[in-house]
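# Secondary and tertiary structure notes
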Amino acid sequence: MARKKIVAGNWKMNMTPSQAVALCEELKDLVKSEDVDVVYCVPAIDIVPVVEAVKGTNVEVGAENMYFEDKGAYTGEISASMLVDAGVKYVIIGHSERRDYFKEDDCLLNKKVKKAFEAGLTPILCCGETLEQREMGITLDWIRMQIKSDLVGVTAEQAASMVIAYEPIWAIGTGKTATTEQAQEVCKAVRDCIAEIYDAATAEAVRIQYGGSVNAANAAELFAQPDIDGGLVGGASLKADFGKIVNYK
Ligand code: 13P
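In this text, all values refer to a predicted model and were calculated from it rather than measured experimentally.

## Some points on the site of the ligand
Surrounding the ligand, one finds 13 residues, the nearest of these being Lys12, His95, Glu167, Gly173 and Ser213. In the model, an oxygen atom of the ligand is placed 2.9 Å from a nitrogen or oxygen of the Glu167 side chain. In the complex, 95% of the free accessible area of the ligand, which totals 310 Å², lies under the protein chains.

## Quick look at the pairing of strand E7 (residues 207-211)
E7 sits mainly inside the fold: five of its five residues count as buried. Residues Arg207, Gln209 and Gly211 of E7 are buried on one face, and the alternating residues Ile208 and Tyr210, pointing to the opposite face, are buried as well. Here strand E6 (residues 163-166) pairs with E7 via four bridges, running parallel. Its bridge partner being in E7, Val163 is matched across the sheet by Arg207. Relative to strand E8 (residues 230-233), E7 runs parallel, the two being bridged by two bridges. Looking at the pairing, Tyr210 lines up with Gly231 of E8.

## Some points on the nonpolar core
For soluble globular proteins, nonpolar side chains are generally found buried alongside one another. Counting 64 residues, the largest nonpolar core has Tyr40, Val50, Ile147, Leu151, Tyr210, Phe223 and Phe242 as the members making the most contacts within it. Counting residues per element, this core draws most heavily on helix H9 (residues 180-197), which supplies six residues. Not counting the four nearest positions on each side in its chain, Val50 is found in contact with Trp11, Ala20, Cys24, Tyr40, Val42 and Val61. Grouped together as the second largest cluster of nonpolar side chains are 11 residues, Ile6, Ala8, Tyr90 and Val163 included.

## Brief notes about the packing of aromatic side chains
All chains considered together, the criterion is met by seven aromatic pairs. Consider the rings of Tyr101 and Phe102, whose centres lie 6.4 Å apart with planes at 80°: the pair is edge-to-face. Between the aromatic rings of Phe223 and Tyr248, the centroid separation amounts to 5.1 Å while the plane-to-plane angle is 80°, which identifies the pairing as edge-to-face. Here Phe223, found in helix H11 (residues 219-223), pairs with Tyr248, found in the segment after helix H12 (241-246); they are 25 residues apart in sequence, far enough to count as distant. A network of ring pairs unites the aromatic residues Trp11, Tyr40 and Phe242 as a single cluster. The positively charged end of Arg98 is found above the aromatic ring belonging to Phe102, 4.2 Å away from the centroid.

What counts and how
Residue indices follow the written sequence of each chain, beginning from 1 at its first position. Totals for whole chains, interfaces and linings use every residue, but because this is a predicted model, local features are given only for residues with pLDDT of at least 70 and side-chain atom pairs only at 80 or more, for both listing and counting. Only hydrogens and water are set aside when side-chain values are computed; all heavy atoms of the structure are taken into account. Definition of nearness: a residue and a molecule or strand are near each other if at least one heavy atom of the residue lies within 4 Å of the molecule or strand. Polar contacts, as counted here, are pairs of nitrogen or oxygen atoms within 3.5 Å of one another; within protein the pair requires one atom able to donate a hydrogen and one able to accept it, and residues that are adjacent in sequence qualify only if both atoms are side-chain atoms. Per-residue and other accessible areas were derived by the Shrake-Rupley procedure at a 1.4 Å probe size, with only the shown protein chains allowed to occlude residues. For every residue, the accessible area (1.4 Å probe, protein chains only) is compared with the maximum for its type, and the residue is labelled buried under 20%, exposed over 50%, or partly exposed between those bounds. Helix and strand definitions here come from DSSP, where helices need a minimum of 4 consecutive H or I residues and strands a minimum of 2 consecutive E residues; each element is numbered from the N-terminal end. Any two strands with at least two DSSP bridges between them are considered paired. Only buried Ala, Val, Leu, Ile, Met, Phe, Trp, Tyr and Cys residues count toward a nonpolar core, and they belong to the same one when joined by side-chain atoms within 4.5 Å. Residues are treated as being in contact if the distance between any of their heavy atoms lies within 4.5 Å. Any Phe, Tyr or Trp ring, taking Trp's six-membered ring, that has another such ring centre within 6.5 Å forms a pair; planes under 30 degrees apart are called stacked, those over 60 apart edge-to-face, and the others tilted. In this scheme, Lys NZ or Arg CZ marks a charge over a ring once it lies within 6 Å of the ring centre and within 35 degrees of the ring normal.

Structure (structure tokens):
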């Protein structure tokens, strides 16, 4: 069965609640699609108004982060059950900005991935290499290490239902997109890694996105690659261009 494409916006730390609602309104007709799953991953404070604003549309809401504990004295954190109760369906885990600025390591991310599944959320697990790692020729080793460590204890059935986003760090917010060949090569390596950990059927089912300076001009070529099942979009998800990315064909 063909995998359905999934295009997710990662709003990062942008949009106040009122701006968020206005953006949903602006994008409403532009992101309509039957062939593509559309997700807005929004700042925690925007979740409640955005869930309300996209009611009755084809858009699902995602969070940009969560904590792995159920509840308790973890000041500033948000649990998986809070997200579920608010109407969230997806959660980004292990974005390179969280790994880098907030020192989230693979051991922590593994706990988050497992908790997300337990709560019924679909993780969008991010992986990606630095420019230095690419130049050293260790991109595929690095990605495989991230995926393998982040998925310890995750079942094949869970893995089949998740989303993995390959985001080369040097391509994020830089306007420097990976070439189609580079993006396809790593997304294929991610799929091969899933086949190695689980089996061919799980690898066939898992959806793998490319992220890093995706825009209205390059989306069609990237998404046409055999192992690229859509995109995780930063900057371009905050404007009307996002509609063009969703309707890339
Ligand atoms: P840009 O699309 O702004 O490069 O960001 C990519 C990204 O980090 C999405 O998670």
